[in-house]
Every structure is written in C-alpha cells, then in structure tokens.
Amino acid sequence: MLKQKSMEADLVIIRDLLCFLVVGLLVIWGWRVLNWAWLTPKRLERCLKQQGVKGNPYRSLSGDMKHMFGMDRQTRTRPMPLSDDIEPYVTPFLHQLLTKYGKNSFMWIGPRPRVTVMEPDKIREIFTKFADYQKVHNNPLVKLVVSGIAGLEGDRWSKHRKIINPAFHQDKLKNMLPAFYQSCSDMISKWEKMVSTEGCSEIDAWPNLVDMTREVISRAAFGSSFEEGRRIFNLLDNQINLGIKVLQSVYIPGWREMEANADRKNMGMSIDDVIEECKLFYIAGQETTSVLLVWTMILLARYPDWQTKARDEVLHVFGDNKPDADGLNGLKVVTMILYEVLRLYPPVVELVRSVPKDLELEKLLLPAGAEVLVPMLQIHRDKELWGDDAHEFKPERFAEGVSKATKCQMTFLPFGWGPRICIGQNFAMMEAKMAMSMILKRFWFELSPAYAHSPCSFVTLRPQHGAQIILHKFGTD
Ligand code: HEM
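Note that the structure is predicted; figures quoted are calculated from it, not measured. (Residues numbered from 1 in each chain as written. Predicted model: local features only at pLDDT ≥ 70, side-chain atom pairs only at ≥ 80, totals over all residues. Heavy atoms only, no water.)

### Considering the overall build of the protein chain
- Per the secondary structure count, the protein chain includes 19 helices and 13 strands.
- A buried classification covers 49% of the 477 residues belonging to the protein chain.
- Intrachain contacts of the protein chain at a sequence separation of at least 6 include 74% that bridge at least 24 residues. (Helix = DSSP H or I, 4+ residues; strand = E, 2+ residues; numbered from the N terminus. Buried < 20%, exposed > 50% of the residue type's maximum accessible area, 1.4 Å probe, protein only. Contact = heavy atoms within 4.5 Å.)

Below is the structure:
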C-alpha cells in the first residue's frame, strides 16, 4: 500500500516536470517566433529609418511580397507599348518604391529588409568585400537554380573558381569556335529552308535561339549534340519549374569515369561537385546567352539602321569566309550593339547579397539580417549616370568602349563585378558575335505585327510572348 502511494507521488512529480518542460519549451519557441517575426524586423526597420533609408512600415510576415507579386502579375496581363523604357513594366514594385522613397530605400522580403544600393562606390564595396556580402541562400528555388560555383562561398568557392577558370581563357575559347559555328549553322539551315520557298518567313526566334544556345553548351561541354543534351535540359527545366531534385538520374556521358578520376587524382572536386558545375553551366550558360541574342534580334529588327551598320561590318570583316576568332574579336559595331542590348535588357536584372553581421557600407550601418539589392536594370538607366537619353537605344555611346560610355565605373554591370564576376562572359560574347554575324550575313529581318512587347524577369529577362520576326533571305555564307 505504502509502496503504491509512493509510486503515485513519483508519477505526479514526473507529470508536473513534463508539463513544466512543455510549457518552458513553448515559451522559448513563442519568444523565438515573436523575435523572428516581429521584434527583429521592427529593430532593423528602426535602424534603417534612423539613417534616412525609407521603406514601407513592417506590418506582417509576408512583408511587401504579396503586393510585389500582385503588381507583377497584374502588369504582365497585357503587353507594354513598343518602347525601351521597360523598367516600370519589368519591376513595377521597385519602380514604385524608388519613385516614392528615392534611391535610399528598402523593401520587405518577408521579415527581412532589402536595401537598394545604386551609388557606384557602395556597389564597388559590396562586390569587392564578397566574403562579407554573401549570396542569399535561404530560398529553395535559388538553391535549385544557383548550383555549383555560383552558390558556393569561402574556400570552396575559391577552389572551384581556380579549377574552372582556365577553361574560360581566351585561348581555350578559340577551341570552342567550331562548336559555336556548327550549332549556329544548324539553326540557320533550318531558317533558310523556311525562307527558301516564299523568300520570307515569320518565325518565333526565341525557342530557336534557346535550342541553339543549348546545343552550343552541349557541344562545348560534352562534345555531344543537342539531341543527346535535350534530355538533360528537359530534366533541368523540370527541376526549376517543379522544384524536384532529379539530378541524380541525369545521365552525363562519362560521369562514372569522372567519378573514378576525381577520387583517384584527388583534384579537389567530388563527382557531386562536378555534376553541380555541369548543371550550373547548362543553366547559366544557355539561358543568359539566348536572352542576349533574342533582345539583340528584336532591337535590330526595330532599328534597321543599326542592323545595316552591323551587317556592313560583318561583310567587310569576313566576306565569304567563316567567322574566326580574330575577326570576331575585331567586330566594333556588333560589340557596341551587344553592349547596348546588355545595358537596356540585362539578362540578369538584379543581384542580391545577404548581410550576415553588422556592416558599415560607406557611412550606412547595415544591421545583421538585412539584405542589399543591386538593381542593374535601374542603374543601367539612371539619367544621372548615363545622361538624358538613358532610355534610348544608342549603341554609339559605346564607340570608345565601356569606360567612356558612362560618367563613372560600376555603372555597367551585366556580368556582375569583382572576384565573382561572370566566369563565362567571354564565352557568351564570342558566341553572341558568332551567331549575330552568321544571321546578319544570311538574313535581314523586321518585327512581325504579331510581336507583343512583354519583357518579363523570370530567372532571366525573357520576352514573355516570344519574338515574332519576319526573316528575309539576304546573301550566302
Ligand atoms: C550574356 C550572357 C551572360 C550573362 C548576362 C551572365 C551574367 C552573370 C552574372 C550577373 C553573374 C554574377 C552573379 C552574382 O554575382 O551573383 C554571373 C555569374 C556566373 N556566370 Fe554568367 N552570365 C552570362 C553567361 C554565362 C556563361 C555562357 C557561362 C558559362 C558557360 C556563365 C557562367 C557563370 C558562372 C559559373 C557564374 C558564377 C561565378 C562565381 O560565382 O564565381 N555565365 N553571370
């Protein structure tokens, strides 16, 4: 009897202790949630506002995102007028924010304030101190898209960059020219067949250019053709669109041998690393370049004078010969045009970095937990930096190179800047010059009345409804 009573007393004590523990855990958890969802954002807001950085008041966990996505959706329901003043259309929320609060402003990405940075000196500091201002890794979609070196930091990033860098040197790029040439030829033959019967034909250039740039990467990276690479691209498309991690099932020719080699030679990258890099090059290398090409075609269709100037130069430099590395490097007008397209329609419209600890950016104190946004689309059109004609297509501004085109450095950032600048920029420029040279030699082209101008930023700045262009046969290769 006595024993039973003592057992009951023990059980009561255990029950009370458990209750105490659960309540304690709930209080700690509740405090953390309150801190994360309300107290911290409010503290960050006070810190920024005290320094004159303005933004909407923090009201709920979704921050400005509901409003932002709503505005994006609403704007995209109809095309915009055919003009190059695309900034209010592509990033309507940011446009509204900058109009309301000025350049020193911030927006709420959930409970995190994202501070806009448009001054050249501050941008330089962000890109130079890349160990402090790190890429944002908290979004699962970003993790899927930004794989490989683009998603790494610290020692792992510098190790990968050192290993990959040599593959992108100018002399190595020369070896890739046959791959560029073959892929462009295939696309052009297809277009020629379409044009041959009628003398002209309407095409949607966008899917054609996507296929072409995919084929280039397939050939350059694996020596395989697009037909073999198609499976990889389809899987990667699905991965981005559906968020499914299917990479393990992707067949990359020779990957098992690569694994053995990597382990044996201990070259510093595991097979998973190599696969992540391949995946990144497929995405980063193709999507961005096809976007550059499609806007170049749309703009040259709209500005026939520049189309003629570019064609004259291409015919003068190459005549009846195949485009070679020296000739491509010497194309001046085509380069000016590509730069102007990258300025007005940058494939990557903005870059974001996290602020993991309190940081001083010039005189601005950025509190830990904030983020910084470098909006290339806006910087490339800033009248203070580029002049009153900043919204106009004027390739002549690049006649004496990038440095003379603007009032100061750090204002032309289509490939980013600093140690983390795009590793593939020469690859992309060479491919774009090759493709445009071959297209200009064979066709002249104009915009179809069916074209609806709707640049939209989904990972890159794409033409939402395609690029309907009327091709006319011009000369022969
Ligand atoms: C017009 C074409 C291209 C544009 C506009 C472009 C743009 C960019 C930008 C803005 C960044 C910097 C990202 C950041 O700092 O967060 C970047 C990084 C990168 N790009 Fe490109 N890119 C292009 C073509 C390519 C090509 C063809 C390749 C490879 C074949 C490539 C591979 C990469 C890689 C690996 C990085 C990450 C570099 C690092 O973190 O160290 N890109 N690109």
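Don't stop here, the text continues.
### So, a nonpolar patch on the surface
- Together, Leu11, Ile14, Leu18, Leu21, Leu25 and Ile28 make up a nonpolar patch on the protein surface, roughly 610 Å² of accessible area in all.
- Residue placement: Leu25 occurs in helix α1 (residues 2–50).
- Exposure remark for Leu25: the relative accessible area of 56% places this residue in the exposed category. (Patch = residues over 30% accessible without salt bridge, like charges linked within 9 Å, V, L, I, M, F, W, Y side chains within 5 Å. Areas by Shrake-Rupley, 256 points an atom, 1.4 Å probe, with all protein chains shown as cover. Salt bridge = Lys/Arg side-chain N within 4 Å of Asp/Glu carboxyl O.)

### Structural notes on the pattern of salt bridges
- By the definition in use, this model includes 22 salt bridges.
- Among the salt bridges present, the one from Arg462 reaches Glu287, with a minimum N-O distance of 2.8 Å. Placement of Arg462 in strand β12 (residues 460–463) and of Glu287 in helix α12 (residues 271–302) is noted, with a sequence separation of 175 residues between them.
- Looking at Glu287, the relative accessible area reads 12%, which means it is buried.
- Two residues, Glu340 and Arg343, come together in a salt bridge whose shortest N-O distance is 2.8 Å. Here Glu340 pairs with Arg343, and both are found in helix α15 (residues 332–344), just three residues apart, close to one helical turn. Neither residue differs from the other here; Glu340 and Arg343 are each classed as buried.

### Some words on the site of the ligand
- Looking at the ligand, there are 26 residues lining it, with Lys135, Trp157, Arg161, Arg353 and Cys422 nearest.
- Taking Arg353, its side chain carries an N or O atom lying 2.7 Å from an oxygen atom of the ligand.
- Here an oxygen atom of the ligand sits 3.0 Å away from a polar atom, N or O, in the side chain of Arg420.
- Of all the secondary structure elements, the ones that give two or more residues to the shell around the ligand are α7 (154–164), α12, β6 (351–354) and α19 (425–442).
- Here the shell around the ligand gets seven residues from one element, more than from any other, and that element is α12. (Near = heavy atom within 4 Å. Polar contact = N/O pair within 3.5 Å; in protein donor to acceptor, adjacent residues only side chain to side chain.)

### Examining the sheet that holds strand β10 (residues 443–447)
- In space, the three strands of this open sheet follow the order β5-β13-β10, with antiparallel pairing throughout. Only two strands of the sheet have a single partner each, and these edge strands are β5 (200–204) and β10. Mean inter-strand twist for the sheet, computed between neighbouring axes without regard to direction, equals 30°.
- The sheet contact formed by β10 and strand β13 (residues 468–473) spans five bridges and is antiparallel. When the sheet's bridge partners are listed, Phe443 is paired in β13 with Lys473.
- Across the sheet, α12 is in contact with β10 and β13; its angle to β10 comes to roughly 85°. (Pairing = 2+ DSSP bridges. Axes fitted to C-alpha atoms, helices over the stretch in contact; angles between N-to-C directions.)

### Here's the deal with the packing of aromatic side chains
- Counted under the stated rule, the structure contains 14 aromatic pairs.
- With a centroid separation of 4.9 Å and 65° between ring planes, the pair formed by Phe130 and Trp157 is classed as edge-to-face. Of this pair, Phe130 sits in the loop between α5 (120–128) and β4 (134–135) while Trp157 sits in helix α7, and the two are 27 residues apart along the sequence.
- An angle of 25° between the planes, with centres 4.6 Å apart, marks the rings of Trp295 and Tyr345 as stacked. On the criterion of sequence distance, the pair formed by Trp295 in helix α12 and Tyr345 in the loop between α15 and β6 is long-range, its members being 50 residues apart.
- The exposure class assigned to Tyr345 is buried, which follows from its relative accessible area of 1%.
- Taken together, the ring pairs connect Trp38, Tyr58, Phe106 and Trp108 into an aromatic cluster.
- The ring of Trp306 has Lys309 lying over it, and the distance from NZ or CZ to the ring centre is 4.0 Å.
- In this structure, Arg311 is placed above the aromatic ring of Phe474, and the distance from its NZ or CZ to the ring centre is 4.8 Å. (Phe/Tyr/Trp six-rings, centres within 6.5 Å; stacked < 30°, edge-to-face > 60°. Lys NZ or Arg CZ within 6 Å of the ring centre and 35° of its normal.)

### A word on the coordination of the iron atom of the ligand
- A lone protein donor binds the iron atom of the ligand: Cys422 (SG), at 2.3 Å.
- By secondary structure assignment, the location of Cys422 is in the loop between α18 (402–405) and α19. (Donors = N, O, S within 2.8 Å, 3.2 Å for Na, K, Ca; no water.)

### A closer look at the pairing of β13
- Burial runs high along β13: five of the six residues are buried.
- Pairing of β5 with β13 involves five bridges; the strand directions are antiparallel. Bridge pairing in β13 places Ile203 opposite Ile469.

### Considerations on α5
- Residues of α5 that are buried: Pro120, Lys122, Ile123, Glu125, Ile126 and Phe127.
- Residues of α5 that are buried in the fold lie against β6, β7 (359–361), β9 (371–374), α16 (376–379) and α17 (383–386).

### A closer look at the packing of helix α2 (residues 65–76) against helix α4 (residues 92–101)
- Put simply, α2 and α4 touch, their axes get as near as 8 Å, and they point 115° apart. The residues of α4 that touch α2, namely those facing His67, Met68, Met71, Asp72 and Thr75, are Pro92, Phe93 and Gln96.
- Partitioned by chemical class, the residues of the contact of α2 with α4 number four nonpolar, three polar and one charged. (Nonpolar A, V, L, I, M, F, W, Y, C, P; charged D, E, K, R; others polar.)

### So, the UniProt feature "transmembrane region" (unreviewed entry) in the protein chain
- The sites that carry the UniProt feature "transmembrane region" (unreviewed entry) are, in the present numbering, residues 12–31.
- As annotated, residues 12–31 comprises 100% helix and 0% strand, and the C-alpha atoms at either end are separated by 28 Å. (UniProt positions renumbered as here; feature names shortened; annotations may be inferred.)

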